[in-house]
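Fold and contact review
Letter by letter, the chains look like this.
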2 protein chains.
Amino acid sequence: MSSQSTLAPRVHAAEQSLGAAGYRLTRPRRELLRAIAAMPDHFTPDELIHAVGPAVGRATVFRTIRMLTERDLLCRVRLEDGTLAYRWSGAGHHHHLVCVSCGRVDDLQGCDIDSDLARLAAASGFAVDGHWLEVYGRCADCRAREA
Amino acid sequence: MSSQSTLAPRVHAAEQSLGAAGYRLTRPRRELLRAIAAMPDHFTPDELIHAVGPAVGRATVFRTIRMLTERDLLCRVRLEDGTLAYRWSGAGHHHHLVCVSCGRVDDLQGCDIDSDLARLAAASGFAVDGHWLEVYGRCADCRAREA
DNA sequence: GGATTTCTTGACACTAGGTATCACTAAGCT
DNA sequence: AGCTTAGTGATACCTAGTGTCAAGAAATCC
Ligand SMILES: [Mn+2]
Ligand SMILES: [Mn+2]
Ligand SMILES: [Zn+2]
Ligand SMILES: [Zn+2]
C-alpha cells in the first residue's frame, strides 16, 4: 500500500490541505486529485473530464478545478490560442513560459515587473494593483530538435 | 453632409485601409465601422451585436471583428474577469491599463519587457518570441472619486 | 455502531461566446 | 448592364462553463 502514496506526494499534500480547510474528502475529489497527478504538466478541464471518465460528473470537475485554483493548489495558464489550462501551483503570484511548439510550460522565476509597471502606469494616473502575463516561446528541447 | 465625416475620422481611415487591401466595402462592414466608432472605448462582440441591431447578422459581426483585429484596426483586451473586449488599435504590439472600477482602458506606453523576459527565460532554455500582458488597476478619476 | 447534520454530487437544463455550412446577394470590374 | 467572386445571414452546431435541486455520503456526535 506504499505504492499509492509514493506515486503522488502532491495528492497527499493536497488532501491534507483540503481536509485542514474543512473540505470533505469525497470520492470524486480523491479521484480528481489522482487523475490530475497523472496528467501531463498542464491540462484543460475537458482533458481532465475524459481522463477521470464517467466516475465523476462534469459539473463536479469544473467545480473542483475552481476550488483548487482558489485554494492555490492549481494555477491557470492561458495558452497562445486563448484556451485556459491548469497545472499544479507552487508559489503565489508567478508567470509562465509556454512552448508554442510542444506545449511545455515552465514557471518563470524572478520576474519583477511590478515596480516598472507602477512607474509606467503612473504616467496615465493609474494605480496598478495586478497584472496578467504569459510568455510564449520555444523550449530548449524543441530548438535542439530542429537544429 | 460634413457631419458624418467629421464624426468618424477613424471610420474613413478604416474604409480606406480595407479598400486598399482588396476587401469589399459592403453595407454590413460600413454599418459595423460606424457602430464601433459610436461605442465607448472598448466593447464586447455581444455589445456590438446589440448596438448594430438586426441590420447585420451575428456571424458577420464576429467575422468582421476578427478581420479588423487581424488587420490591426482593432486590438483585443482581456478584462479582469476573462471576457474579451475590443477597441480601436493604433500601433502594433502594445499593452493595456484596465481600470477595474470603471472599466476604462488606456494603452500602456513605453513598456519594454522583451529584453528582461528574454534574459529570464534563457535560464530555462526558452527562446522568447511573444508575450501577453494586461495590467489592472484604478484610474485617476476613480481614485479621486473615492478620496 | 447508528443517528444526525451539512456538504457535496450529478443529472439536467441552460447560457455565453463563437464557428461551419451553404444557398443567395451584391460589390466591384469592364 | 452583365459577370464573377467575395461576402452575407439563417441555421445548426459547438465548446466551455454555470444554476438547480433531489438524492447521496462525509464528518460529527452520541
Ligand atoms: Mn504556475
Ligand atoms: Mn490597444
Ligand atoms: Zn517545446
Ligand atoms: Zn476608472
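First, a word on scope: everything that follows refers to the structure included in this document. (Residues numbered from 1 in each chain as written. Chains lettered and ligands numbered in written order. Predicted model: local features only at pLDDT ≥ 70, side-chain atom pairs only at ≥ 80, totals over all residues. Heavy atoms only, no water.)

Quick word on the nonpolar core
The test is simple: What makes a nonpolar core is a set of buried Ala, Val, Leu, Ile, Met, Phe, Trp, Tyr and Cys residues whose side-chain atoms join them at distances within 4.5 Å. The rule is simple: take the accessible area with a 1.4 Å probe, protein chains only, and divide by the maximum for that residue type; under 20% is buried, over 50% is exposed, in between is partly exposed. Every residue pair with non-hydrogen atoms within 4.5 Å of one another is taken to be in contact.
Residues Leu 133 of chain A together with Leu 108, Ile 113 and Leu 133 of chain B are the most contacted members of the largest nonpolar core, which totals 25 residues. Residues contacting Leu 133 of chain A, with those up to four places away along its chain left out, are His 95, His 96, Cys 111 and Ile 113 of chain A together with Ile 113, Leu 117, His 131, Trp 132 and Leu 133 of chain B.

Observations concerning the pattern of salt bridges
Filter applied, for reference: We define a salt bridge as a contact between a side-chain nitrogen of Lys or Arg and a carboxyl oxygen of Asp or Glu at a distance within 4 Å. In this description a helix means any DSSP run of H or I spanning at least four residues, a strand means any run of E spanning at least two, and both kinds are numbered starting from the N terminus.
This model, assessed by the stated rule, comprises 14 salt bridges over all chains. Arg 34 of chain A is the salt-bridge partner of Glu 15 of chain A, the closest N and O atoms lying 2.9 Å from each other. A residue pair is termed long-range when its members are at least 10 positions apart, and Glu 15 of chain A in helix α2 (residues 9–20) and Arg 34 of chain A in helix α3 (residues 27–37) qualify at 19 residues. As a salt-bridge pair, Asp 107 of chain B and Arg 87 of chain B come within 2.6 Å of each other at their nearest N and O atoms. Remark: Arg 87 of chain B occurs in strand β2 (residues 84–88) and Asp 107 of chain B occurs in strand β4 (residues 105–108); sequence separation between them is 20 residues. Since its relative accessible area comes to 10%, Arg 87 of chain B is described here as buried. Connected via shared salt-bridge partners are Glu 15, Arg 30 and Arg 34 of chain A.

Section: the interface of chain A and chain B
Interface size, as often reported, equals the accessible area lost upon joining of the parts. Counted only if it meets this: Buried area: the sum, over both parts, of the accessible surface (1.4 Å probe) that disappears when the two are put together. Two N or O atoms count as a polar contact when they lie within 3.5 Å, although within protein this holds only if one can serve as hydrogen donor and the other as acceptor, and sequence-adjacent residues are included solely when both atoms are side-chain atoms. Lys, Arg, Asp and Glu make up the charged group, whereas Ala, Val, Leu, Ile, Met, Phe, Trp, Tyr, Cys and Pro make up the nonpolar group; the residues left over, Gly among them, are polar.
Facing the 36 residues of chain A at the interface are 35 residues of chain B. Interface area for chain A against chain B, summed over the two sides, is near 2700 Å², with a carbon-plus-sulfur share of 63%. Contact with chain B buries area across many residues of chain A, yet Leu 120, Phe 126 and Trp 132 of chain A alone supply 21% of it, more than any other trio. For the interface between chain A and chain B, the tally reads zero salt bridges. Taken together, the links from chain A to chain B amount to twelve residue pairs in polar contact (both at pLDDT 80 or more). Elements with a minimum of two residues in the side of chain A that touches chain B: β3 (95–99), β4 (105–108), α6 (114–122), β5 (127–138) and α7 (140–145) of chain A. Examining the composition of the side of chain A that touches chain B, we find that twelve residues originate from one element, β5 of chain A, more than from any other. Classifying every residue of the side of chain A that touches chain B by side-chain character gives 19 nonpolar, eight polar and nine charged.

A look at the protein's contact with DNA strand C
Note the cut-off: Near is defined per residue: the residue qualifies when any heavy atom it owns lies within 4 Å of the molecule or strand.
If you check the shell around DNA strand C, you find 19 residues, and the closest are Arg 24, Arg 29 and Arg 63 of chain A together with Leu 25 and Arg 58 of chain B. Near the protein, within 4 Å, the atoms of DNA strand C are sugar or phosphate in 58% of cases. Contacts to DNA strand C include Thr 26 of chain A, whose side-chain N or O atom sits 2.9 Å from a phosphate oxygen. In this structure, a base nitrogen belonging to DNA strand C sits 3.2 Å away from a side-chain N or O atom of Arg 24 of chain B. Sorting the residues of the surface near DNA strand C by element identifies α3 and α5 (58–70) of chain A together with α4 (45–52) and α5 (58–70) of chain B as the ones contributing at least two each. Of the residues belonging to the surface near DNA strand C, the class tally is nine nonpolar, three polar and seven charged.

Observations concerning the packing of helix α3 (residues 27–38) of chain B against α5 of chain B
When two helices pack together, their arrangement is given by the angle between the helix axes and by the axis-to-axis distance. Residue and element names in this part refer to chain B. We count it as follows: Between N-to-C directions, angles span 0 to 180 degrees; the directions come from axes that are lines fitted to C-alpha atoms, helices contributing only their stretch in contact. The labels follow the angle: roughly parallel below 35 degrees, roughly antiparallel above 145, roughly perpendicular from 65 to 115, and oblique for the rest.
With their axes 11 Å apart at the nearest point, α3 and α5 run at an angle of 70 degrees to one another. The angle between α3 and α5 falls in the class roughly perpendicular. For the pair α3 and α5, contact is made by Pro 28, Arg 29, Leu 32, Leu 33 and Ile 36 and by Thr 60, Val 61, Thr 64, Met 67 and Leu 68, respectively. Of the residues in the contact of α3 with α5, the class split is seven nonpolar, two polar and one charged.

As for the coordination of the manganese ion (ligand 1)
In a perfect tetrahedron of four donors around a metal, the angles come out at 109.5 degrees. In a perfect octahedron of six, they are 90 or 180 degrees. Residues and elements named next belong to chain A. What counts is decided by this rule: Only N, O and S atoms count as donors, using a 2.8 Å limit from the metal and a wider 3.2 Å limit for Na, K and Ca, and since water is excluded some coordination spheres may look unfilled.
Donor atoms from the polypeptide that bind the manganese ion (ligand 1) are Cys 75 (SG), His 94 (NE2), His 96 (NE2) and Asp 107 (OD), placed at 2.0 to 2.7 Å. Donor residues binding the manganese ion (ligand 1) come from one chain and are separated in sequence as C-x18-H-x1-H-x10-D. As far as the burial class goes, His 94 and His 96 line up, both buried.

Some words on the packing of α4 of chain B against α5 of chain B
Residues and elements named next belong to chain B. Selection criterion: Here is the rule for handedness: rotate from the far helix to the near one, and if that takes an anticlockwise turn smaller than a right angle the crossing is left-handed, while a clockwise turn gives right-handed.
Running from amino to carboxyl end, α4 crosses α5 at an angle of 125 degrees, the nearest separation of the two axes being 10 Å. Looking at the two axes, α4 sits oblique to α5. Judged by the sense of rotation from one axis to the other, the crossing of α4 with α5 is right-handed. Packed against α4, whose contacting residues are Pro 45, Leu 48, Ile 49 and Val 52, the element α5 presents Arg 58, Val 61, Phe 62 and Ile 65 at the interface. Counted by class, the contact of α4 with α5 contains seven nonpolar, no polar and one charged residues.

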